[in-house]
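Per-entry structural report
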Amino acid sequence: MFMNQYPIFGLLALLSLNCNSQKAKYTHNHDGTSHVHETTLETNNYFGEYTLNRETYGTKTVVKIKGNQRIMTTNALPDHETGDFPNQGNPNAISSQNKTYAFPLYPKYIGKAKWVREPGVALNGVKFEPGTAEVVICDTGENYRVEALQDVIDLGLDFNHAHVQPTGAYHYHGTPTSVIENFDSGEDLVHIGFAHDGFPMYYSKSGKYKSSYKAVSGSREGEDCTYENPTQRMQISVEGHHDGTFTSDFEYVEGYGDLDECNGITVDGHYMYLVTREFPYVSRCLMGEYKEERRPQYRSMNMDNRARRGRRYTPSFSELLEKMDKDNDKRISKNEAQGPLHDFFDRVDANKDGYLTEEEVKNALQHRNQRSARRG
């Protein structure tokens, strides 16, 4: 049964879809071991070449197999109904994009989590981007990255857990409801996309596979905290328990659930990512070999407004890790540190071990704020 719901990587480098089932042999490499399989190809198999045109929605997505790559060319328009855009929480209109993605046909599992902003793309050509650029900033020095799926700040998400960027790009922050419905073949695991390292992305209708992230214990800290964008400025209370409003409300606990740090799991010897109803919803990292393309550094609306108002923006420790932590050890070495953090590294590194931890950075920020208060 599982072979039908989880076609193996590389099979359709040799075959294109047609109206008849075909049998084929293929080789899959995982953890350094080659496995030869024989399977039956079905017409609803999106591991091969396919064209997805939806005149009603303007969707144009073409996937070709070229050498060792799966090439997707798409205008990134969803093949399903969406919410109304612009809306009160999202001022942007959906527009056609011009995107080409190349996914490895034979993904290589590394087993070392690498953070990514955009982990993958749905079969219809619409990207997954689970995180946000929105930040709540506290005058006491704390900064909290806002999650898209929360009830405090309206970010204008529709019933597909998606909204629109200023570029007009529609994108999913969580379970893509309509994609799951459109690509449901009747099995529990629904193939919904590909991660950029080449491994497939699935959704379990039964919720069989559980995330290994849990809410952080204790309470948040921070006073006089605000969120602002070009149309509004809000006072936000961050005090209280970690309820999922912010990314830092969650922590990964190995073995807490079924999935790894990147929301991945190996089933029947084959690695895949799961999109889940629980945090992290969509993987925030990849476990396969992947070289991320350089892209512009987008600033959040918060950062832009603070700059216009002449106020200093202080990134959170998680943001610093995203930018500087090259070896993903949740610390920042002097070689990794950049800008002012590198210049003042020795002063911030309280225990002189050559690494900066969240506590050391937080203490340095508090000390700076206290000095600023005394001057003011």
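Provided above is the structure to which this section pertains.
The sections below set out a description of the structure shown in this document. Along every chain, residues carry numbers that run from 1 in the direction the sequence is written. Reporting of local features is limited, given that this is a predicted model, to residues whose pLDDT is at least 70; pairs of side-chain atoms are given and counted only at 80 or more, and all residues count toward the totals for whole chains, interfaces and linings. In computing side-chain properties, one takes all heavy atoms of the structure into account and sets aside hydrogens as well as water.

A few words on the environment of Lys 127. Helix numbering and strand numbering both begin at the N terminus, where a helix is a DSSP run of H or I of at least 4 residues and a strand a DSSP run of E of at least 2. Within the secondary structure, Lys 127 sits in strand E9 (residues 127-128). When the C-alpha atoms of Lys 127 and Phe 194 are compared, they prove to be 9.7 Å apart, with 67 residues separating the residues in sequence. Any two residues whose heavy atoms approach within 4.5 Å at even a single point are treated as in contact. With near-sequence residues (within four places) excluded, Lys 127 lies in contact with Tyr 101, Glu 118, Gly 120, Val 121, Gln 165, Ala 169, Tyr 170, His 171 and Tyr 172. N or O atoms within 3.5 Å of each other form a polar contact, as long as, within protein, one can give a hydrogen and the other can take it, and as long as residues adjacent in sequence are counted only when both atoms are side-chain atoms. Here Glu 129 takes part through its side chain, which lies 3.1 Å from a polar atom of the side chain of Lys 127. A polar contact of 3.0 Å, which involves the side chain of Lys 127, links it to the side chain of Gln 165.

What follows concerns the environment of Cys 225. Structurally, Cys 225 can be placed in strand E18 (residues 225-229). Non-local contacts of Cys 225, meaning those with residues more than four positions away in its chain, are made with Val 136, Ile 137, Cys 138, Met 234, Gln 235, Ile 236 and Val 238.

Let's shift gears to the nonpolar core. The biggest cluster of nonpolar side chains holds 45 residues, and the ones touching the most others in it are Phe 128, Tyr 172, Ile 192, Met 201, Tyr 273 and Leu 274. Apart from the residues lying within four places of it in its own chain, the contact partners of Met 201 are Gly 120, Val 121, Phe 128, Val 190, His 191, Ile 192, Gly 193, Phe 194, Ala 195, Tyr 273, Val 275 and Val 282. Listed in part, the 12 residues of the second largest apolar core include Leu 321, Ile 332, Ala 337 and Leu 356. Think of a nonpolar core as a cluster: buried Ala, Val, Leu, Ile, Met, Phe, Trp, Tyr and Cys residues, connected wherever their side-chain atoms sit within 4.5 Å. Note on classification: 1.4 Å probe, protein chains only; a residue is buried when its accessible area is under 20% of the maximum for its type, exposed when over 50%, partly exposed between these limits.

Time to look at the sheet that holds strand E4 (residues 59-66). The strand order E3-E4-E5-E6 describes an open sheet built from 4 strands, whose pairing is antiparallel. The outermost strands of the open sheet, each flanked by one partner alone, are strand E3 (50-54) and strand E6 (99-104). Taking the axes of each pair of neighbouring strands and ignoring which way they run, one obtains an average angle of 15° across the sheet. Here E4 runs beside strand E5 (residues 69-74); their pairing, made up of 6 bridges, is antiparallel. Bridge pairing links Ile 65 to Arg 70 in E5. A strand pair is defined by DSSP finding two or more bridges across the two strands. Fitting a line to C-alpha atoms yields each axis, with helices limited to the stretch in contact; the angle taken between N-to-C directions then spans 0 to 180 degrees.

This brings us to the state of the cysteines. A covalent bond bridging the sulfur atoms of two cysteines is what the word disulfide describes. Disulfides are defined in this document as cysteine sulfur pairs within 2.5 Å. Inspection of the entire model under this criterion finds 2 disulfides. Disulfide pairing places Cys 138 opposite Cys 225 at an S-S distance of 2.0 Å. Across the S-S bond of Cys 138 and Cys 225 the torsion is about 100°, and the bridge reads as right-handed. Taken together, the residues Cys 138 in strand E10 (residues 135-138) and Cys 225 in strand E18 connect sequence positions 87 residues apart. Here Cys 138 matches Cys 225 in class, with each residue buried. Note on cysteine connectivity: Cys 262 is disulfide-linked to Cys 285, with sulfurs 2.1 Å apart. Because the sign of the S-S torsion sets the handedness, a value of about -120° for the bond joining Cys 262 and Cys 285 places this disulfide among the left-handed ones. Pair noted here: Cys 262 is in the loop between strand E21 (250-252) and strand E22 (264-267) and Cys 285 is in strand E24 (residues 285-288), with a separation of 23 residues, a long-range link. Overall, Cys 262 belongs to the buried group, its relative accessible area being 0%.

Trans is the prevailing form of peptide bonds, just as negative phi is the prevailing case for residues other than glycine. The omega torsion across Phe 85 and Pro 86 is 0°, close enough to zero to call that bond cis. Along the chain, the position of Pro 86 falls in the loop between E5 and E6. Between Phe 279 and the following residue, Pro 280, the backbone shows a cis peptide bond with an omega angle of 10°. Relative to the helices and strands, Pro 280 is located in the loop between strand E23 (270-275) and E24. One non-glycine residue, Asp 268, lies in the positive phi region at around 50°. Residue class for Asp 268 comes out exposed when judged on its relative accessible area of 56%. Positioned with a positive phi, Tyr 281 is a non-glycine residue whose angle comes to about 65°. Note that Tyr 281 resides in the loop between E23 and E24. By relative accessible area, Tyr 281 is classed as buried at 9%.

These values are about where atoms sit, not about what they do.
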